[in-house]
Amino acid sequence: MSHETSTITADAQLVDAHSDENALHRGLTSGQVAMIGLSGALGTGLFLGSGSMIAEAGPGVILSYTLTGLLSLAVIWALAEMTVVHPVAGGFGATAHAYLGPIGGWFMRWNVAVVMCIAVGVEVVATGTYLKYYWPGMSIGLGTVLASLLIVAINLATVKVYGKSEYWFSMVKVAMVVVFIALGLVLIFFGLPHQPKTGLGNLTGGQGWKGFAPHGISGILVGAVMAVFSFGGAENVAVAAAESENPERDVPRAAKAMVVRLVLFYVGAIAIVVTLQPWKLSAASGGTVSESPFVKVLSLVNVPHAAGIMNFILITAALSAGNGCLYASTRMLHSLALDRLAPRFVARTSAHGAPRYAVALAALGMVFASFISIKYPDSAFMILYGILIFGLLTTWFLIMVTYVGFRRGRTRLGLPKASARLFGGELTAFVALALMAAIYVAIGFIKSLSFALPYGLAYVIFLAVAYFLVRIKVRAFGPSVLDDELVERAQAGTLPDNAEARARSQHALVHIERVHGMQAAANDGQIPPAPLN
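Attention in this report is confined to the structure presented alongside it.

**A few points about helix 4 (residues 61-85)**
Here helix 4 spans 37 Å end to end across 25 residues, near enough to the 36 Å set by a 1.5 Å rise per residue. Within helix 4, 20 of the 25 residues are buried, which leaves it mostly tucked inside the rest of the structure.

Structure (structure tokens):
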């Protein structure tokens, strides 16, 4: 863990995170924070794209989703523990900066920003594709542009507007899953007047374990690797903490809600899918709206225009996921700019607290992903799919490494424990890290994803080289969230009787005073004070 505070040079101008020009506004309610977490995790993958995972695991995909779901829940609870202590702009990226040093904050935030940019591109292209169902003459490009403009407009509005839009986008998805599960249970166990019950026979096909897991344990594990894409984005619940009205209350509450919802929605819904029809039918799906298992259920209960209704749900799901991903990307870029790891202008916010320049920068990544998807429609999805799995897994890995540093750092400094804690603490974190390491290795052996490993490693090397190039120019950083906490405790008289904590708080106070002095001098057009060595 790095506690280094670099010398501040005479020409350094740090970004003031507390100025009106750079401040985010707290305007998200508890329900909105919970829905933001669901926005990224509950996307089109569940409604339309589960066929590829069923092809690998058969009905055993239920276990695949369960394994990956448990891993994602460990990540969410680790985030909840860190976020109630540090509910700041940049979320877990700023926490990584504090407990792993500047390089940890750099990797975490840039990775999230880049991955979420790509994810937005995937979702807006998907929206453009779904719009063609209603307007066949509309090009995918035009639909993509329209979806992009809507998502950018929402993210440029006030955080309250964003929170309300995401709440209702996610509510539509949630309602659809609940209806699907309820109807599915009726069809499985009771049947309808003209539709006999299906029973549980499709789970095994009369062949026991071989029918449940036709490709064995390896198939279930491959499905678990691919399910990372489905659960990715759940970590956005922690990114929203800086704009929550009461993060200490809202983040743990949202984490608890997501535990129930993710297990119910993913495991429950996928169990309904493989129980209602033989798994080979779902695996053979061509990925069209009419072949969605959700459409099948609606058709079985004689819901008119089932495909049209499902298409509307898919558009809502894609817009919701894209909206949440753009939000996460812009908040990470804003946090990077506050620490001078991105251009300073990116930290500026509008009068109502929207990081407008961060939105514009993130939109460039969205344009790139959209261009790739439109120009290479046959291969772009699997390329972006593999990239996203690697990037999302890297985010989860860094979160758990940060969590270990967080736990050990606070114990060493004698600081109090968080009100919300991950069950099993560091032991759970190390088990999760071991599982993630196994998934990294497994990616290299999955034919459709194997390209992601060498490209992903090249991407990590690029980020490392970029950091060291930036580090040559940027020799000073603003105070970390841990520095702020130690100084506040020292001033309030609640600092632990710990020699390292006292020394660190004194050092942090000097650093904070220098930063504020330089900022004031810069604002007055004066020459900053001479560097202190």
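**Some words on a nonpolar patch on the surface**
Together, Leu185, Val186, Phe189, Phe190, Leu192 and Leu200 give the surface a local cluster of nonpolar side chains, amounting to about 550 Å² of exposed area. Considering the arrangement of structural elements, one finds Phe189 in helix 8 (residues 159-189).

**Section: the packing of helix 5 (residues 91-100) against helix 21 (residues 481-492)**
Their axes nearest at 7 Å, the elements helix 5 and helix 21 cross at an angle of 75°. Between helix 5 and helix 21, the crossing angle belongs to the class labelled roughly perpendicular. In this structure, helix 5 contributes Ala94, Thr95, Ala98 and Tyr99 to the contact, and helix 21 contributes Val481, Leu482 and Glu485. Taken together, the residues that form the contact of helix 5 with helix 21 break down as 5 nonpolar, 1 polar and 1 charged.

**Remarks on the pattern of salt bridges**
Once the charged atoms of two side chains with opposite charge are near each other, the side chains can pair. Taken as a whole, this structure holds 7 salt bridges when the rule is applied. Note that Arg489 is salt-bridged to Glu485, the shortest N-O span being 3.1 Å. Taken together, the residues Arg489 and Glu485, both in helix 21 and 4 residues apart, mark about one turn of the helix. A residue is classified by how much of its surface remains accessible, and Glu485, at 9% relative accessible area, is buried. A single network of salt bridges, built from pairs that share partners, joins Arg410, Glu485 and Arg489.

**Focus: the nonpolar core**
By size, the foremost hydrophobic cluster in this structure holds 139 residues, and its most contacted members are Tyr65 and Met400. Setting aside anything within four residues of it in sequence, one finds Tyr65 in contact with Ser50, Met53, Ala227, Ser230, Phe231, Tyr266, Val267 and Ile270.

**Re the packing of aromatic side chains**
In this structure the tally under the stated criterion is 15 aromatic pairs. On the basis of an interplanar angle of 20° and a centroid distance of 5.4 Å, the ring pair of Tyr65 and Tyr266 is categorised as stacked. On the criterion of sequence distance, the pair formed by Tyr65 in helix 4 and Tyr266 in helix 13 (residues 247-276) is long-range, its members being 201 residues apart. The exposure class assigned to Tyr65 is buried, which follows from its relative accessible area of 0%.

**A closer look at the packing of helix 4 against helix 10 (residues 216-226)**
To describe two helices that pack against each other, one gives the angle between their axes and the distance between the axes. One way to put it is that helix 4 packs onto helix 10 with a least axis distance of 8 Å and a crossing angle of 50°. Taken together, the axes of helix 4 and helix 10 are oblique relative to one another. In the crossing of helix 4 with helix 10, the sense of the turn from one axis to the other is right-handed. Note on element contacts: helix 10 touches helix 4 through Gly219, Ile220, Leu221, Gly223 and Ala224, opposite Leu63, Ser64, Leu67 and Thr68. Partitioning the contact of helix 4 with helix 10 into residue classes produces 5 nonpolar, 4 polar and no charged.

Rules of the game
Residues numbered from 1 in each chain as written. Predicted model: local features only at pLDDT ≥ 70, side-chain atom pairs only at ≥ 80, totals over all residues. Heavy atoms only, no water. Helix = DSSP H or I, 4+ residues; strand = E, 2+ residues; numbered from the N terminus. Expected span 1.5 Å × (residues − 1). Buried < 20%, exposed > 50% of the residue type's maximum accessible area, 1.4 Å probe, protein only. Patch = residues over 30% accessible without salt bridge, like charges linked within 9 Å, V, L, I, M, F, W, Y side chains within 5 Å. Areas by Shrake-Rupley, 256 points an atom, 1.4 Å probe, with all protein chains shown as cover. Salt bridge = Lys/Arg side-chain N within 4 Å of Asp/Glu carboxyl O. Axes fitted to C-alpha atoms, helices over the stretch in contact; angles between N-to-C directions. Parallel < 35°, antiparallel > 145°, perpendicular 65-115°, else oblique. Contact = heavy atoms within 4.5 Å. Nonpolar A, V, L, I, M, F, W, Y, C, P; charged D, E, K, R; others polar. Core = buried A, V, L, I, M, F, W, Y, C linked by side-chain atoms within 4.5 Å. Phe/Tyr/Trp six-rings, centres within 6.5 Å; stacked < 30°, edge-to-face > 60°. Left-handed = near helix turned anticlockwise from the far one by under 90°.

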